[in-house]
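A structural walkthrough
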Amino acid sequence: MGIGRVRLSRRQGLLATGFGIAGAGAMTSVVDASPDPATYPVTGLNDEVELIEDRYGVPHLYADSEDDVFLAQGFNAARERLFQIDLWRRRGLGLLSEVLGPDYVEQDRATRLFLYRGDMDAEWTRYADDAQHIATQFAHGINAYLDWLDAHPERMPEEFGILGYRPARWDPADVVRIRSHGLTRNLESEVERTRVVCAAGVEADLIRQGLEPDHRTVVPDGFDPCALPAKVLKVFELATQDVEFKENSIRRVPRDATTEGSNNWVVSGARTATGRPLLANDPHRAYSAPSLRYIAHLSAPGLDVIGAGEPALPGISIGHNGTVAFGLTIFPIDQEDLYVYQLDPADPSRYRYGSGWEEMTVLREEVPVRGAAGREVELTFTRHGPVIHVDRTRNLAYAVRTAWLEPGMSPYFGSIAYMRAENFTEFTRAMRNWGAPTENQVYADVEGNIGWVPGGLAPKRVGYDGLLPVPGDGRYEWDGFHSGDDLPRVFNPDEGFIATANQFNLPPEHEQMGLGYEWTNPFRYQRIVEVLSRQRKHTIRDSELLQTDQLSIPARRLQPLLSRLDSGDADLRRALRMLRDWDAVLGADSNAAALFEVWLSKHLGPGFARAAVPKAAEHIDTVDNLVMLTELEKPGRWLPDAAARDRLLLDTLRTAYAQVQELLGRGESSWRWGRLHHSLFEHPASDALDPVQRARFDVGPLPRGGSSATVNQSSYRVSDFRQTNGPSFRMVLDVGNWDYSVAVNTPGQSGNPSDPHYRDLAESWQDGTYFPLAYSREAVEEIAERRILLVPA
C-alpha cells in the first residue's frame, strides 16, 4: 500500500505533545528556501556522480559504477522525499511510538507481527545475487544525506520541525523486512463474505463479489460463520492501513480495495504508426502529497534504466532500460487465509492441531515511546502466522497465513532483477521468483517483441478454495507454492496487442489452479480492447487519450434499459431523458454524469442489494456491478421478473434525481460531476498544520471526472465523492525511440512544498497532458534545469 499516512490533529501535533514549533529546538518549522548547493560531499561514494534535474523534476543520475548509482539514488531519495521515506520506515518497522508517543503503541505492535523474521540469506538470494549489496548501497546513500543534514540542520525538512523529531538512520535490512506496505488480498474479503454467509448463505455473497472462473464456495467443515467476532481484523487493519488520529482517539478507515488497480497495454509495431512497439502503464494507487511514486533515471556502466519506483526502494519498477520496457498491474492471486483455532481450555496458550495441542510461539519486544518508558508487547504466532485476535468467550484464536511473510516477498524490490533484463527469456527468468505484489507485467523490446508475464507467489491449497476462514487444526493446509513457470505467459500474440486491467485473464488451462476467484470488473479492460482493436496505426497520442478516457461501460449498458421506461412524474421524465441522450462519458463538466454516478453508487446499487438479498443487504457495502448489470439485463436469478427490474430502476432514479437537486441545485444546466467528485492530494501531516501551512502542503481539491469503471480510473468515497485512488503515474513508451516517450507524475516530483516541483504536475495530470521522458544524454541536456555534483566525502 505504499507510503503509510499518519494523520495528527493540530492539537495533538502542536500542543498535546509539546513538540510543536516552539519545542523543536534547533529544528525550524520552515525549511531554508535557498537553492540546493551545487556540490554535496557524500559519504561512501567512490567517484563523482552527476545529478541533472530536468525541468519536470526528474533526476538523471550519471555514475561510473552501479555501486555509486544506487548509493546516489538513496541520497537523492532522501534529498527529495526524506519525511516520506522516514515515515514509511517507521510505520513499517513499528517505530511510530518512538517519535509520536504512546498512542501509537498498539499500531507498532500490530505492524511488528507482520515483519519478515525468516532466514535473511534466503531472503536476499530470492531477489538477485547482488540484492543485499544494492540495498546496502541505497541505505548508505540515505544515511549519507542524514550525515549532510547534521552539518546543515537548517535544511531539515520542515515536517520534522513541526512534529518535533529527527529522521533515523537506515539498516539495509529495513528495505526488505517491511512487508505491511504491500498490496494484500483477500483477508478482508474472507471476513466480509463470512458476514453475508451468516446472514443469508453462500449464494448471497455473489451480490457483493462475483467469482471467476464460475465457482461455488462451501463453508469449510468445522467453521461457524456466525461465530466470527466483530473486531477480528482490528489488528490486521492497524498493521496494514493508514491511521487517523482525532483528538487522541483512533479512527480506523477501511482500506479501499479498489486501490489495487491499474491499466497497462503493449501494442506491436504491426499496429503502430511508427512500426515500433508502444507500451503504456498507469498504476492506480491512493493519493497523497508527495506522490507515492518517484520518477528517476539511473545511468552507470551496464545499467541505464529510467521510470518510476517507490522512493523508499532502490531500482525502477515501471519503465525501460534502453532495450526492454515493462509496466505492471495487479494480478489478483489470493495470498492470504484466516485460520481459526480451538484453544486448550486448560491452557489458552495451546491450540488444537491434529490429534493434540500445539504451543503458540510468543515473542516479547520493547517498543520505544516518546516521552515515556518503553512498553513491552507480546507477539504471538501459530505455525501458520501471527495471531490477530483471541475470542475468550468462545475460546477461539485467529491467525493470518500470508505468502508475504515468505522469503522474497518485499513489495516491488524484485524489480532490481527484471529492470536489467535484455530479452524475454531473461525477463521471464527474473519474474519466476517474483513474490509481491502479484502482477501482470507487459513487456516490449527493441527487436519488436511484446509479451505478458504474470508473477506472484501462489499457494497450493489442499481441499479448500481460500474464500472463507478455515480451522487451523491441520485439515486445511498449503502444499507449498506454484512455481512462476506454472503461470501463463504470452509472447507476440496474433492480435498484435496485450492489455490488462486487473480483470479475469486466466487461459482455460489455468483456471483450475485455484490462484484466486476475486477479480476486478472487466469494464476498463473492455474499453481498452474496444479502442485498441479498431486502431491499426496506434500512436503515443492515442495511448494518452486512452489513459484519460472516461467512457463508462456500465452507463452504456444501462441506457437501453432506460429507453423502454417512462413515467408520469415530470422530474423522473427529465432524469430518463438526460441519461438516454447522454454519450456515457463521465466528464467533470457533465451534468448527466453527476446524475448517473449518484444514482449508481448511492441508490441503484444499494437498492439492488436490498431487493436481491434483503437478509444480507446491511453487510454489503458495495455491490458487484457486473453481477448487477447482468441481472438487470436478464432478470430471473435475483429479481423475479422484468417488471420488478423496471420498478427498481425507476424508484432509485427518482430518489437519485431528488438527491442531486439537493446537492447541486434545481437547475440541471448547472450540475457538474466535478462539483461533487474531486481529488485532494493531502500531506500525511496535514491535520497537524494551521490553515496557511495546510494550503502549502496539500494540493487541491481538484474537480474530477471518471469512476472506478473508466480507464481514467477514479474511485471515490460514496459518502462525499472524494477520489480515493487513481493513476498515480502515467507513462507511454516509444520502444526503441526512447526520447519520444512521455510521462506524468502527480502532484509533482519533489517532497518539499517550497520547491516548484512539489505541485507543478498536478494541472498536467488533471488535464491529461504529459512531459517528455528524456533518456539520451542529448535529450536530457535540452531540458536540464539544475545540476548537482555528488562527490566522495
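Residues numbered from 1 in each chain as written. Predicted model: local features only at pLDDT ≥ 70, side-chain atom pairs only at ≥ 80, totals over all residues. Heavy atoms only, no water.

1. A closer look at the overall build of the protein chain
- Looking only at helices and strands, the protein chain has 23 helices and 35 strands in total.
- The C-alpha atoms of the protein chain give 26 Å as radius of gyration, which agrees with the globular expectation for 793 residues (28 Å, within 12%).
- By residue count, 64% of the 793 residues in the protein chain fall in the buried class.
- Considering only contacts within the protein chain whose residues lie at least 6 apart along the sequence, 73% involve residues at least 24 apart.
- Of the roughly 27,700 Å² that the protein chain leaves accessible, carbon and sulfur atoms contribute 49%. (Helix = DSSP H or I, 4+ residues; strand = E, 2+ residues; numbered from the N terminus. Rg over C-alpha atoms; globule rule 2.2 N^0.38 Å. Buried < 20%, exposed > 50% of the residue type's maximum accessible area, 1.4 Å probe, protein only. Contact = heavy atoms within 4.5 Å. Areas by Shrake-Rupley, 256 points an atom, 1.4 Å probe, with all protein chains shown as cover.)

2. Some words on the pattern of salt bridges
- Here the structure, examined in full by the defined rule, presents 52 salt bridges.
- For glutamate 80, the salt bridge is made with arginine 79, and the minimal N-O distance between the two is 3.8 Å. Both residues of the pair, glutamate 80 and arginine 79, belong to the buried class.
- In this structure, glutamate 781 and arginine 777 form a salt bridge, with 2.9 Å as the shortest nitrogen-oxygen distance. You can see glutamate 781 and its partner arginine 777 sitting in helix H23 (residues 777-782), 4 residues apart, about one turn around the helix.
- Assessed through its relative accessible area of 31%, glutamate 781 is described here as partly exposed.
- The partly exposed category is assigned to arginine 777, whose relative accessible area is 33%. (Salt bridge = Lys/Arg side-chain N within 4 Å of Asp/Glu carboxyl O.)

3. Some details on the sheet that holds strand S30 (residues 715-716)
- Across the sheet, which stays open at both edges, the 3 strands sit in the order S9-S31-S30 with antiparallel pairing between neighbours. The open sheet has two edge strands with one neighbour each: strand S9 (284-286) and S30.
- Of the strand pairs in this sheet, S30 and strand S31 (residues 723-727) are connected by 2 bridges, and their pairing is antiparallel. Residue pairing across strands places tyrosine 716 opposite glutamine 723, the latter belonging to S31. (Pairing = 2+ DSSP bridges.)

4. Describing the packing of aromatic side chains
- Applying the stated rule across the entire model yields 36 aromatic pairs.
- Measuring from ring centre to ring centre gives 5.6 Å for tyrosine 145 and tryptophan 148, while their planes differ by 20°; the resulting arrangement is stacked. Of this pair, tyrosine 145 and tryptophan 148 both sit in helix H6 (residues 131-151), 3 residues apart, which is roughly one turn of the helix.
- A connected cluster of aromatic rings, assembled from ring pairs, spans Phe326, Tyr418, Phe424, Phe427, Trp434, Tyr443 and Phe491.
- Directly above the ring of tyrosine 62 sits arginine 777, whose terminal nitrogen or CZ lies 4.2 Å from the centroid. (Phe/Tyr/Trp six-rings, centres within 6.5 Å; stacked < 30°, edge-to-face > 60°. Lys NZ or Arg CZ within 6 Å of the ring centre and 35° of its normal.)

5. Quick look at the side chain of aspartate 698
- By the element assignment, aspartate 698 lies in the loop between helix H21 (691-697) and strand S29 (699-703).
- Comment: no salt bridge for buried aspartate 698; closest opposite-charge side chain is arginine 694, at 4.6 Å.
- One polar contact links the side chain of aspartate 698 to the main-chain amide nitrogen of histidine 683, over a distance of 2.9 Å.
- Polar contacts involving the side chain of aspartate 698 include one to the side chain of serine 686, which spans 2.7 Å.
- Those residues in contact with aspartate 698, other than ones at most four positions away along the chain, are Leu680, Phe681, Glu682, His683, Ser686 and Arg759. (Lys, Arg positive; Asp, Glu negative; His and termini not counted. Polar contact = N/O pair within 3.5 Å; in protein donor to acceptor, adjacent residues only side chain to side chain.)

6. Considering H6
- Helix length check: H6, at 21 residues, gives a terminal C-alpha distance of 31 Å against a target of 30 Å (1.5 Å per residue), a fit within 8%.
- Among the 21 residues of H6, 15 are classified as buried, and the element is accordingly described as predominantly covered. (Expected span 1.5 Å × (residues − 1).)

7. Digging into the sheet that holds strand S12 (residues 318-320)
- Spatially, the 11 strands line up as an open sheet ordered S2-S35-S3-S4-S10-S11-S12-S13-S21-S22-S26, and their pairing is mixed. Either end of the sheet is taken by a strand with one partner, and the two such strands are strand S2 (39-42) and strand S26 (490-491).
- As paired strands, strand S21 (residues 439-445) and strand S22 (residues 450-455) are joined by 6 bridges and run antiparallel to one another. Note on S22: the bridge partner recorded for asparagine 440 is proline 454.
- Along the sheet, helix H2 (residues 66-93) makes contact with S2, strand S3 (49-54), strand S4 (59-62), strand S10 (294-300), strand S11 (303-309) and strand S35 (784-792), crossing S10 at roughly 155°. (Axes fitted to C-alpha atoms, helices over the stretch in contact; angles between N-to-C directions.)

8. Here's the deal with the pairing of strand S19 (residues 387-391)
- The pairing of S19 with strand S20 (residues 396-402) spans 4 bridges and is antiparallel. Bridging across to S20, histidine 389 finds its partner in tyrosine 398.
- Between the antiparallel neighbours S19 and S20 lie 4 residues, among them asparagine 395 with a positive phi of about 60°.

9. Considerations on the state of the cysteines
- Evaluated as defined, the whole model comprises 1 disulfide.
- For cysteine 198, the disulfide goes to cysteine 226, at an S-S distance of 2.1 Å. The S-S bond linking cysteine 198 to cysteine 226 shows a torsion near 110°; that makes this disulfide right-handed. Residue cysteine 198 is found in helix H9 (residues 187-200), and its partner cysteine 226 is found in the loop between H9 and helix H10 (234-240); the two are separated by 28 residues along the sequence.
- A residue is classified by how much of its surface remains accessible, and cysteine 198, at 35% relative accessible area, is partly exposed.
- Since its relative accessible area comes to 41%, cysteine 226 is described here as partly exposed. (Disulfide = S-S within 2.5 Å.)

10. Quick word on the packing of helix H13 (residues 523-533) against helix H15 (residues 553-563)
- At a minimum axis separation of 9 Å, H13 and H15 run at an interaxial angle of 90°. Relative to H15, the element H13 lies roughly perpendicular. Packed against H13, whose contacting residues are Phe523, Gln526, Arg527 and Glu530, the element H15 presents Ile553, Pro554, Arg556 and Arg557 at the interface. (Parallel < 35°, antiparallel > 145°, perpendicular 65-115°, else oblique.)

11. So, unusual backbone geometry
- Cis geometry is found at the peptide bond from alanine 436 to proline 437, where omega equals -10°.
- When you line up the elements, proline 437 lands in the loop between helix H12 (424-431) and S21.
- Cis rather than trans, the peptide bond between glycine 700 and proline 701 has omega equal to 5°.
- Relative to the helices and strands, proline 701 is located in strand S29.
- Positive phi values are uncommon outside glycine, yet alanine 584 reaches one of about 70°.

12. Topic: the side chain of arginine 293
- Within the element layout of this structure, arginine 293 appears in the loop between S9 and S10.
- Although arginine 293 is buried, it forms no salt bridge, and the closest oppositely charged side chain is glutamate 310 at an N-O distance of 4.5 Å.
- Among the polar contacts made by the side chain of arginine 293, one reaches the side chain of serine 728 at a distance of 3.0 Å.
- Residue contacts for arginine 293: discarding those within four places in its chain leaves Arg81, Pro283, Arg285, Ala308, Gly309, Pro311, Ile318, Tyr412, Ser728, Phe729 and Asn745.

13. Comments concerning the environment of tryptophan 434
- Relative to the assigned elements, tryptophan 434 resides in the loop between H12 and S21.
- A C-alpha to C-alpha distance of 8.4 Å links tryptophan 434 and arginine 126, two positions 308 residues apart in sequence.
- Contact partners of tryptophan 434, with chain neighbours within four places excluded, come to Tyr412, Gly414, Ser415, Tyr418, Glu439, Gly455, Gly456 and Leu457.
- In terms of polar contacts, tryptophan 434 uses its side chain to reach the backbone carbonyl oxygen of proline 437, at 2.7 Å.

14. Quick notes on the nonpolar core
- Ranked by internal contacts, the top residues of the largest apolar core, which has 146 residues, are Trp265, Phe413, Phe427 and Leu790.
- Take this core: its biggest share by element is 13 residues, from H2.
- For phenylalanine 413, the contacting residues outside a window of four places in its chain are Trp124, Tyr127, Ala131, Ala135, Val175, Val176, Leu313 and Pro314.
- Listed in part, the 60 residues of the second largest apolar core include Leu206, Ile207, Leu561 and Trp671. (Core = buried A, V, L, I, M, F, W, Y, C linked by side-chain atoms within 4.5 Å.)

Interpretation note: all reported values are geometric properties and have no functional meaning in isolation.
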